[in-house]
Amino acid sequence: MKSAVETLNPTRVRLTVEVPFEELKDSLDAAYKKINQQVTVKGFRKGKIPARVIDQRFGRGAVLEEAVNDALPKFYTDAVNEADLNPLGQPEVDITELKDGETLNFTAEVDVRPTVEIPDFSGIEVEVDAVEVTDEDVEKSVEQLRERFASTSPVERAAEDGDVVTIDLQAKVDGEVLEDGVADGVSYTIGSGELLEGIDDAVKGLEAGGEATFTSELKGGSAAGKEAEVTVKVTQVAKRELPELDDDFAQLASEFDTLEELRADSRKRLANMKQYDQATQAQERVLDKLLELVEVPVPEKLLEDEINTRKHNLEHHQLGQMGLDLEKYLEIQGKTAEEFDTETREAAVKGIKTQFVLDELVKQEKLNVSQEELTEHLMRRASSSGMSPDQFAQAVVEQGQVPLLVGEVARGKALAVVVEKATVKDTNGEVVDLDDEEETEEAAEAAAESTESGDDKAEEKTEG
C-alpha cells in the first residue's frame, strides 16, 4: 500500500491511497465466505459453493464490493497512522479506481486536529472579585437557616403575605378542565413565587373555604405556555412562626452552643464559598486570556456538529425538563433567534478551542492522570449528576466514556499550570494566592468543562 497526504487547509487533509490487488486477498476470501453463508445454489451444500459459481451466479462485482467495504477501514487507518494524523470524525471516502486483479485506489478527506503553538503565557494578568464577607452576609445566612426551622400554626383569618395556605387547584383551557390540571392539598407560601403568576393576589384576603378565579400562563404540563383559567380554593390558612434568634436556636439548628459560634461558623463557610468562587473566576479569566494568545483554526464540520449538539441538548433535555420549548425560552431570556444562534456559535468555538489548546498543553507538560485523581473527579461528576458514584461509574464504563473523564481531569491540570504562572489580583489590588492545589485543580476542571456542551462533548468527535 502507498499513501500520500495533501493539506487542503489547516484543519483538513486529503489522503490518496493505492492498494495492490494482492493485499485484498484476505478481504476477498472473507467476502466469498460471507456470501456463501447467505445464498443457496442447487447442487451445492450451504457454505460449500465454489468461488467461480458465485462469480457466475451473483457476479464478480458483488464480491468485489463486499471485499472493498471490508478492506477500506483497515487501509484508511493504516494511511492515517503512516501519516501520523489526528483525524476528527469520519472521512469522506471516494473510490477513484478499482481494477479487478490489478489495483484499488481511493481518496479520503477528513478533518484533522490543527497544529497549535502555545506561546509564553507567564505574563498573563487577571483581576477577580475580592473575598469579603460582610455582617449583612452572615445575618442573611443565619436568617435562611432560621427560615428552615420555621413552624406553622392554623389561624382563623384572611390569608396575608408570608402565610402558608393549603389550596386546591383546577385549571381550564378553552373551557375544558385539563387532565393534569387538578391538584388538591397543595401547600403554598404566599409571596414565594413558586406557583403560578397571579396566585398571590388571588389567595390574599381569602379565609379557609374561600375561592377565587384568575388567569395565568401555565409553566408546565400538557398545556405549558397556554393561558388558563385557574380556580383556587383555600382549605387552610397557617401563620409561619420563626424561632427566636438565641442560643437555644443555635443548639437546635447546629452543633454549636451559642448564637455567636453559629455566626462565626457561617462567616467561615461563606468565606470558603467565596474563595472557591474566586478561584473559579480566576480559572475562567486566565483561560480567556490564554485563548486570546493562541491562534486556533476550528474545523467547520466539527463546529457545525458541536452547535447542533448544544442546541439538541438545550431543547430536548434542559428545556424539556422545564416544560418549555425554544421559542418560549428565548422570550423569557429576551433574546432573538439570531442572538441565540450567535451566542451558541461563540460558545461552541470557545469550547473547541479550549480543548485543542489544553490538550496541547497536556502533551507539552507531560501531564498524567492518576487513578486517585480520576476517582475524585468521578465522585464530583456523580454528585452533580444526582447519581450514586457506583451508578455513575457503571454508566461511564458502559458508554465507553472513561477517556472523556480522563481528558477532563488532564485539561483541568493543564489550566492549573497556566494559572500558577499567571498574576491574579483582586479588586482591592491584592495578589491572590491560589495555593490550595486540590481546590485550584477542581476549579480549573470546572472552568474547562464549562466551555463544553453538557452531555456530548466535542471530544467525542475529536476521538475520531
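Because the structure is a prediction, the values reported are computed rather than measured. Per chain, residues are indexed from 1 in the order of the written sequence. Side-chain atom pairs in this predicted model are given and counted only at pLDDT of 80 or more, local residue features only at pLDDT of at least 70, and totals for whole chains, interfaces and linings cover all residues. Computation of side-chain values: all heavy atoms of the structure, hydrogens and water removed.

## Things to note about the sheet that holds strand β1 (residues 2-9)
At step 1: Any two strands between which DSSP finds at least two bridges are classified as paired. By the criteria applied, helices consist of DSSP H or I runs no shorter than four residues and strands consist of E runs no shorter than two, each listed in order from the N terminus. Read from one edge to the other, the open sheet built from four strands follows the order β1-β2-β4-β3, with strand pairing classed as antiparallel. Among the strands making up the open sheet, the edge pair consists of β1 and β3 (87-99). The sheet shows a mean angle of 20° between the axes of neighbouring strands, direction not considered.
At step 2: Of the pairings in the sheet, the one linking strand β2 (residues 12-20) to strand β4 (residues 103-112) comprises nine bridges and is antiparallel in character. Across the sheet, T16 pairs through a bridge with T107, a residue of β4. Every axis corresponds to a line fitted to the C-alpha atoms, with the helix fit spanning only the stretch in contact, and the corresponding angles, defined between N-to-C directions, vary from 0 to 180 degrees.

## Quick word on the pairing of β2
At step 1: Relative to β2, β1 runs antiparallel, the two sharing seven bridges. From the neighbouring strand, A4 faces β2, where its bridge partner is T16.
At step 2: Between β1 and β2, which pair antiparallel one after the other, the connecting turn spans two residues.

## Structural notes on the pattern of salt bridges
At step 1: For this analysis, a salt bridge means a side-chain nitrogen from Lys or Arg found within 4 Å of a carboxyl oxygen belonging to Asp or Glu. Counted according to the given criterion, the structure contains 34 salt bridges.
At step 2: Residue D163 pairs with R157 through a salt bridge whose shortest N-O separation is 2.7 Å.
At step 3: As a salt-bridge pair, D288 and K350 come within 2.6 Å of each other at their nearest N and O atoms. With D288 in helix α7 (residues 259-293) and K350 in helix α10 (residues 337-365), this residue pair connects regions lying 62 residues apart in the sequence.
At step 4: Throughout this description, buried means an accessible area under 20% of the type-specific maximum (1.4 Å probe, protein chains only), exposed means over 50%, and partly exposed covers the range between. A relative accessible area of 29% means that K350 is categorised as partly exposed.

## Topic: the packing of aromatic side chains
At step 1: Aromatic pairing here means that ring centres of Phe, Tyr or Trp (its six-membered ring) are within 6.5 Å. Orientation follows from the plane angle: under 30 degrees is stacked, over 60 is edge-to-face, and everything else is tilted. As enumerated under the stated definition, the model contains one aromatic pair in all.
At step 2: Pairing F149 with F249 gives two aromatic rings, centres 6.2 Å apart and planes at 85°, and the pair type is edge-to-face. On the criterion of sequence distance, the pair formed by F149 in the loop between α4 (135-148) and β6 (151-154) and F249 in helix α6 (residues 247-253) is long-range, its members being 100 residues apart.
At step 3: The class of F249 is buried, set by a relative accessible area of 2%.

## Here's the deal with the side chain of S27
At step 1: Note on placement: S27 falls in helix α1 (residues 25-38).
At step 2: Among the residues examined, S27 registers a relative accessible area of 8% and is labelled buried.
At step 3: Once you skip the residues sitting within four places of it in the chain, S27 turns out to touch A67, D70 and A71. What makes two residues a contact is simply this: any of their non-hydrogen atoms within 4.5 Å.

## Considering a negative patch on the surface
At step 1: Taken together, the side chains of D247, D248, D257 and E261 present a region of like negative charge at the surface.
At step 2: Its location among the elements puts D257 in the loop between α6 and α7.
At step 3: We classify D257 as exposed; its relative accessible area is 51%. Without a salt bridge and with relative accessible area above 30%, a residue can belong to a patch; like charges are then joined within 9 Å and nonpolar side chains (Val, Leu, Ile, Met, Phe, Trp, Tyr) within 5 Å. Each accessible area is a Shrake-Rupley result for a 1.4 Å probe, and residues are judged covered by the shown protein chains and nothing else. Residues scored as charged are limited to Lys and Arg (positive) and Asp and Glu (negative), so that His and the chain ends carry no count. The atom standing in for a charge is NZ when the residue is Lys, CZ when it is Arg, CG when it is Asp and CD when it is Glu.

## With respect to the domain arrangement of the protein chain
At step 1: Each assigned domain of the protein chain is listed with its residue range as follows: domain 1 (2-111), domain 2 (151-241) and domain 3 (251-453).
At step 2: Boundary definitions for the domains trace back to an automatic or database domain assignment. One C-alpha centre belongs to domain 2, the other to domain 3, and the line joining them spans 39 Å.

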